[in-house]
Amino acid sequence: MRRLSNKSKFQKRLNDRQRKVLYCIVKEYIENRKPVSSQRVLEVSNINFSSATIRNDMKKLEYLGYIYQPHTSAGRVPTDKGLRFYYEEMVKLSKETEELNLEVDTFKSIPLADPEKVLLLAGSLLARLSEGYALIERPNPRDLKILRVMLIPVSEDYLIFSMLTELGISKITPIRTHENLNWEGIEKQLNFLLKGKTIGDVLTGKVEILRGSGILKLIESVISEKLERYMDVGFENLLKDEALSLEDIKHLLEETKDYQFLESLVKNDEDVTVKIGKEIGKKKLEKFAVFSGRYYKGPSPIGSVHLFTSKVTRYDRNHKIFSYVLNRLSEYFTSAARR
């Protein structure tokens, strides 16, 4: 049987008072961003013990790596481990209390035909309420099912090609033509061939009759107008955060250009993944915390969301805001796909 180290044994003996002291230190530091003294713990909590007892608890918490003293005679500051403890305690508490009413149920007023506007609204809401920097991944056009193709003659020489997908994203392209064909019949044939197929199915040759055709080139143009994979909102919030330097923000912007890095932040077995400081795995991002998760169309994930803040942040509120936005996005896109 594996023996516990002295530190592991010590950690097992963390009592309720010491957990309260730690929770109080982290919460107070997040709110005021100043080292927290034993006297301050007593002032802002209902812990009825002497200042000497609280100081002893703080020494133990420091030994275990939850807090540290920036300089002699100063109060204590939470480490990444202390912030992690606070976040996990907050999640437990939130399950026992009534959910926060954000009063932001504005998704219902957004038309189903405009998913880009919905994503922008979600990012703006997330950034504003959390005072952080939000990155929202757009759905991959290749995964979208085609609902309808329309060919609309507008003159002797031109017709309009329009394609509607399950999420309302359409492509409208004028086409010059020198032939007077039965465009209504061609439209019906195209809809018979394409309805229910994904754009990816068409582009990879699963609709063989379209290979080498002008229609295939038009469909390729739907995804050739390259949108950025992620939309970002709230950059100005980072600039206003006193805990972050311009150098810190520069490093973050560089790292978030790496899509593999962003994808690595999401855990498939968790609704919301939170990484704090060193947990992010990037030396230059140790001043940040990141909330990550996916939104869905039915059972299938179609995009990810990331929220970057200083690691000294309101974990309780941000967790609820982040979960709220993920859930609303999933509801919206699932509803849009069922139309």
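Just so it is clear, the model here is predicted, and its values are computed rather than measured.

1. Quick word on the overall build of the protein
No. 1: A tally of regular secondary structure across the protein gives 13 helices and 10 strands.
No. 2: Across the 339 residues that make up the protein, the buried fraction comes to 49%.
No. 3: Contacts spanning at least 24 positions in sequence make up 61% of the contacts within the protein whose residues lie at least 6 apart.
No. 4: In the structure as shown, the protein presents an accessible area of about 19,100 Å², 49% of it carried by carbon and sulfur atoms.

2. Here we look at the packing of aromatic side chains
No. 1: In the structure shown here, the tally under the stated rule is 10 aromatic pairs.
No. 2: When the centroid spacing of 6.4 Å and the interplanar angle of 75° are considered together, the rings of tyrosine 133 and phenylalanine 235 count as edge-to-face. On the criterion of sequence distance, the pair formed by tyrosine 133 in strand β3 (residues 133–137) and phenylalanine 235 in helix α10 (residues 235–240) is long-range, its members being 102 residues apart.
No. 3: Centre to centre, the rings of tyrosine 230 and tyrosine 259 are 5.4 Å apart; their planes meet at 45°, and the pair counts as tilted. Here tyrosine 230, found in strand β7 (residues 230–233), pairs with tyrosine 259, found in helix α12 (residues 259–264); they are 29 residues apart in sequence, far enough to count as distant.
No. 4: Take tyrosine 259: its relative accessible area is 30%, and that puts it in the partly exposed class.
No. 5: Connected via pairs of aromatic rings, a cluster forms that spans Tyr23, Tyr86, Tyr87, Phe291, Tyr315 and Phe322.
No. 6: Its end group placed over the ring of phenylalanine 49, arginine 17 keeps NZ or CZ at 4.7 Å from the ring centre.
No. 7: Its guanidinium or amino end placed over the ring of tyrosine 324, arginine 328 lies 4.8 Å from that ring's centre, counting from NZ or CZ.

3. Thoughts on the nonpolar core
No. 1: Counting 56 residues, the largest nonpolar core has Tyr295, Tyr315 and Leu329 as its most contacted members.
No. 2: Residue contributions to this core peak at 10 residues, all from helix α13 (residues 315–337).
No. 3: The next biggest cluster of nonpolar side chains, apart from the first, holds 15 residues, and it includes Leu238, Leu244, Leu252 and Leu265.

4. What to know about the pattern of salt bridges
No. 1: Within the structure shown, the criterion is met by 19 salt bridges.
No. 2: The partner of arginine 76 in a salt bridge is glutamate 62, with the nearest N and O atoms 3.1 Å apart. Linking arginine 76 in the loop between β1 (67–68) and β2 (77–78) with glutamate 62 in helix α4 (residues 51–63), this pair joins segments that are 14 residues apart in sequence.
No. 3: The partly exposed category is assigned to glutamate 62, whose relative accessible area is 29%.
No. 4: Measuring nitrogen to oxygen at the nearest pair gives 2.6 Å for the salt bridge that ties glutamate 116 to arginine 138. In this pair, glutamate 116 sits in helix α6 (residues 115–130) while arginine 138 sits in the loop between β3 and β4 (146–153), placing the two residues 22 residues apart along the sequence.
No. 5: By sharing partners, the salt bridges in this structure join Glu28, Arg40 and Glu43 into a single network.

5. A word on unusual backbone geometry
No. 1: Although it is not a glycine, arginine 33 sits at a positive phi angle of roughly 55°.
No. 2: Secondary-structure assignment places arginine 33 in the loop between α2 (16–32) and α3 (38–44).
No. 3: At glutamate 131, a residue that is not glycine, the phi angle is positive and equals roughly 60°.

6. Considering α4
No. 1: In a regular helix each residue adds 1.5 Å, so 13 residues correspond to 18 Å; α4 covers 18 Å between its end C-alpha atoms and thus fits that length.
No. 2: Looking one or two places after α4, you find glycine 65, whose phi comes out positive at around 90°.

7. Brief notes about the side chain of lysine 275
No. 1: You can see lysine 275 is positioned in strand β8 (residues 273–276).
No. 2: Buried within the structure, lysine 275 lacks any salt-bridge partner; glutamate 279 is the closest side chain of opposite charge, at an N-O distance of 7.7 Å.
No. 3: If sequence neighbours within four positions are ignored, lysine 275 has contacts with Arg84, Ser264, Leu265, Ile280, Phe288, Ala289 and Val290.

8. Here we look at the pairing of strand β10 (residues 300–310)
No. 1: Counted residue by residue, β10 has 9 buried out of 11 residues, so it is predominantly covered.
No. 2: Here 4 bridges tie β3 to β10, and the two strands are oriented antiparallel to one another. What sits directly across from leucine 135, in β10, is histidine 306.
No. 3: Sheet analysis places strand β9 (residues 288–297) next to β10, joined by 10 bridges and oriented antiparallel. Bridge assignment links phenylalanine 288 to a residue of β10, and that residue is serine 310.
No. 4: Connecting the antiparallel pair β9 and β10 is a turn made up of 2 residues, with glycine 298 showing a positive phi of about 65°.

9. Focus: the side chain of serine 292
No. 1: Relative to the assigned elements, serine 292 resides in strand β9.
No. 2: Here the side chain of serine 292 touches histidine 306 through a polar contact of 2.8 Å, side chain to side chain.
No. 3: Those residues in contact with serine 292 that sit more than four places away from it in its chain are Leu265, Val266, Asp271, Val272, Thr273, Val305, His306 and Phe322.

Here is what the cut-offs are and how they apply
Each chain carries its own residue numbering, running from 1 in the written order of its sequence. Reporting of local features is limited, given that this is a predicted model, to residues whose pLDDT is at least 70; pairs of side-chain atoms are given and counted only at 80 or more, and all residues count toward the totals for whole chains, interfaces and linings. In computing side-chain values, all of the structure's heavy atoms are included and hydrogens and water are not. Only DSSP runs of H or I with at least four residues qualify as helices, and only runs of E with at least two residues qualify as strands; both kinds are numbered from the N terminus onward. Using a 1.4 Å probe on the protein chains alone, a residue whose accessible area is under 20% of its type maximum counts as buried, one over 50% counts as exposed, and one in between counts as partly exposed. Throughout, a residue-residue contact means that at least one pair of heavy atoms, one from each residue, lies within 4.5 Å. Per-residue accessibility takes into account occlusion by the displayed protein chains alone, with areas from the Shrake-Rupley method and a 1.4 Å probe. For Phe, Tyr and Trp, where Trp contributes only its six-membered ring, two rings pair if their centres lie within 6.5 Å, and the inter-plane angle classes them as stacked under 30 degrees, edge-to-face over 60, or tilted in between. The criterion for a charge sitting over a ring is simple: Lys NZ or Arg CZ within 6 Å of the ring centre, and within 35 degrees of the ring normal. Residues belong to a common nonpolar core when they are buried Ala, Val, Leu, Ile, Met, Phe, Trp, Tyr or Cys residues joined through side-chain atoms within 4.5 Å. Note on definitions: salt bridges are taken to be side-chain nitrogens of Lys or Arg within 4 Å of carboxyl oxygens of Asp or Glu. Given a helix with a known number of residues, its expected span is that number minus one, times 1.5 Å. Counting rule for charge: Lys and Arg are taken as positive, Asp and Glu as negative, and neither His nor the chain ends is counted. DSSP calls a pair of strands paired once it identifies at least 2 bridges connecting them. As used in this structure description, the phrase polar contact means that two N or O atoms lie within 3.5 Å; if the pair is within protein, one of them must be able to donate a hydrogen and the other to accept it, and residues adjacent in sequence are counted only when both atoms belong to side chains.

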